[in-house]
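Each chain, letter by letter, is given below.
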There are 2 protein chains.
Amino acid sequence: MDGTSLRERKKQRTREALIDAAFELFTTKGFEATTVDEIAEAVEVSSRTFFRYFGSKEDVATSVQLQQFLDVYSALDARPAGEPVVTALRHAVGQVLRAYEEGGDDAFQFACVMRLVQDSPAVMARSLEMCTEQLDEMALRVAGRMGVDPIADPRPKLVAAVASAALQVAVRAWRETEPDEKVSDLADRAFALLEAGINYPPPA
Amino acid sequence: MDGTSLRERKKQRTREALIDAAFELFTTKGFEATTVDEIAEAVEVSSRTFFRYFGSKEDVATSVQLQQFLDVYSALDARPAGEPVVTALRHAVGQVLRAYEEGGDDAFQFACVMRLVQDSPAVMARSLEMCTEQLDEMALRVAGRMGVDPIADPRPKLVAAVASAALQVAVRAWRETEPDEKVSDLADRAFALLEAGINYPPPA
DNA sequence: CGACATCTGTCAGGCACTGACAGATTCGCT
DNA sequence: AGCGAATCTGTCAGTGCCTGACAGATGTCG
């Protein structure tokens, strides 16, 4: 049952092999032009086995995105307790994004997933669905920071949803800008706007 | 080419018949248990014709949601020019939702779509995708209200995305609350929170 | 009425995805 | 090592979504 058993290691290896093969094919042929059979063949398993690891062809991409969410959670937990929630989210997200930008290993895969999400509607749809699935988890952490009940108080869920939306806007702006503006900067600016309030013009 | 030609009227009729039949079957049998063939049979057309009207089975639901977006746009344009954007969105959305709650015709269909979106993942995914498609349009109107460039200034897109997220949170909260709390009230509260700022605790 | 455009049904087919079964692999135990 | 149990995998058959291509029906306009 532990992670060092032969069975578990084999499973992990085929799982990663499937992800690698899938991204290789997605980037060269495109998402919809790639069939599950091709991915499975590249790893020398049956297509039936593919569906035992991933619920759908899109899930290969979203499984990577899920890990990114978990990274944000870790970074969020590491932020000081007194920090306001949006500010904490701003720093946590910026931290994770900068790590992806500089870390050579996952940097390619990260850009790969982002392009995939923006370019193929099916992946986009599944990705958005996964993001909303993660909203409860994120709301839970926000509620913890605020010291309020995550069910009775609507604010944690709102903050989580708004933060997720801001991040999506930043990523999309990143994909659309011609020069290589950094995602981390775009996201940082988006969160900074959230901190200041968005009911323009401010009724001061 | 005008809307009163026989051909156009026939098309409109089959389109509405398909939507009605689809919702009838979705509510009784469930979304995934309903096949496109069944919907087409109920209207006495071929399933091929169904796909000439709707790009996918999910699109039957999202086509209705699209109309709701258009309603919000109309309401938004009717708001006074000086009003801050989030406040204007709050009133526009509230106005549209209250109309759906009281209008007996579309009230049933509205509740129907909302249940559909929350209950079946495929519809949820497609719905979210359509919402992001509408973000540009909404951002355009927000930019007009703010009197800024919708491309150079990132704020309109951010406001649109945040407002959409807030609305989604409200709808989801509505579906989860046992008693019949009104969507319009939940949405109003969510937008009110946005107006006040969400960087809790406020660093006052 | 006739030329034309448009809509529809039928057919064939690809691809995503699933349940069921049998064979192979690994695990836990003696 | 050896044996039964649990788990993983491949094969097969099948359903359902969705699409291109063609031919026939229907509406449109001079």
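Higher on the page you've got the structure.
Calculation rules
- Residues numbered from 1 in each chain as written.
- Chains lettered and ligands numbered in written order.
- Predicted model: local features only at pLDDT ≥ 70, side-chain atom pairs only at ≥ 80, totals over all residues.
- Heavy atoms only, no water.
- Salt bridge = Lys/Arg side-chain N within 4 Å of Asp/Glu carboxyl O.
- Helix = DSSP H or I, 4+ residues; strand = E, 2+ residues; numbered from the N terminus.
- Buried < 20%, exposed > 50% of the residue type's maximum accessible area, 1.4 Å probe, protein only.
- Axes fitted to C-alpha atoms, helices over the stretch in contact; angles between N-to-C directions.
- Parallel < 35°, antiparallel > 145°, perpendicular 65-115°, else oblique.
- Left-handed = near helix turned anticlockwise from the far one by under 90°.
- Contact = heavy atoms within 4.5 Å.
- Nonpolar A, V, L, I, M, F, W, Y, C, P; charged D, E, K, R; others polar.
- Phe/Tyr/Trp six-rings, centres within 6.5 Å; stacked < 30°, edge-to-face > 60°.

Undergrad: Could you give an account of the pattern of salt bridges, with specific residues and numbers?
TA: All names here are of chain A. Going through the model one piece at a time under the given rule, you end up with 24 salt bridges over all chains. Close ionic contact of Asp188 with Arg90 constitutes a salt bridge, the shortest N to O distance being 3.1 Å. One end of the pair, Asp188, is in helix α9 (residues 183-196); the other, Arg90, is in helix α5 (residues 85-102), with 98 residues separating them in the sequence. A relative accessible area of 24% places Asp188 in the partly exposed class.

Undergrad: Explain the packing of helix α5 (residues 85-102) of chain B against helix α7 (residues 121-146) of chain B to me, and be specific about the residues and the numbers.
TA: All names here are of chain B. Following both chains from N to C, one finds α5 and α7 inclined at 125 degrees, their axes separated by 10 Å at the closest point. Between α5 and α7, the crossing angle belongs to the class labelled oblique. For the pair α5 and α7, the sense of crossing is right-handed. Together, Val85, Ala88 and Leu89 of α5 and Met138, Val142, Arg145 and Met146 of α7 make up the contact between the two elements. Class assignment for the residues of the contact of α5 with α7 results in six nonpolar, no polar and one charged.

Undergrad: Can you break down the side chain of Arg126 of chain A residue by residue, with the values?
TA: Residue and element names in this part refer to chain A. With respect to the helices and strands, the residue Arg126 is situated in helix α7 (residues 121-146). Under the relative-accessibility criterion, Arg126 is labelled buried at 18%. Leave out the neighbours within four places in its chain, and Arg126 touches Glu58, Asp59, Thr62 and Glu133.

Undergrad: Give a detailed account of the packing of aromatic side chains, specifying residues and quantitative values.
TA: Residues and elements named next belong to chain A. Taken as a whole and assessed by the stated rule, the structure comprises 14 aromatic pairs over all chains. With a centroid separation of 6.4 Å and an interplanar angle of 65 degrees, the aromatic rings of Phe23 and Phe26 are classed as edge-to-face. Here the residue Phe23 and the residue Phe26 both occupy positions in helix α1 (residues 6-29), the gap between them amounting to three residues, near one helical turn. A relative accessible area of 6% means that Phe23 is categorised as buried. Chaining the aromatic ring pairs together yields one cluster made of Phe23, Phe26 and Phe31.

Everything listed here is a matter of coordinates, which is why it stays silent on function.
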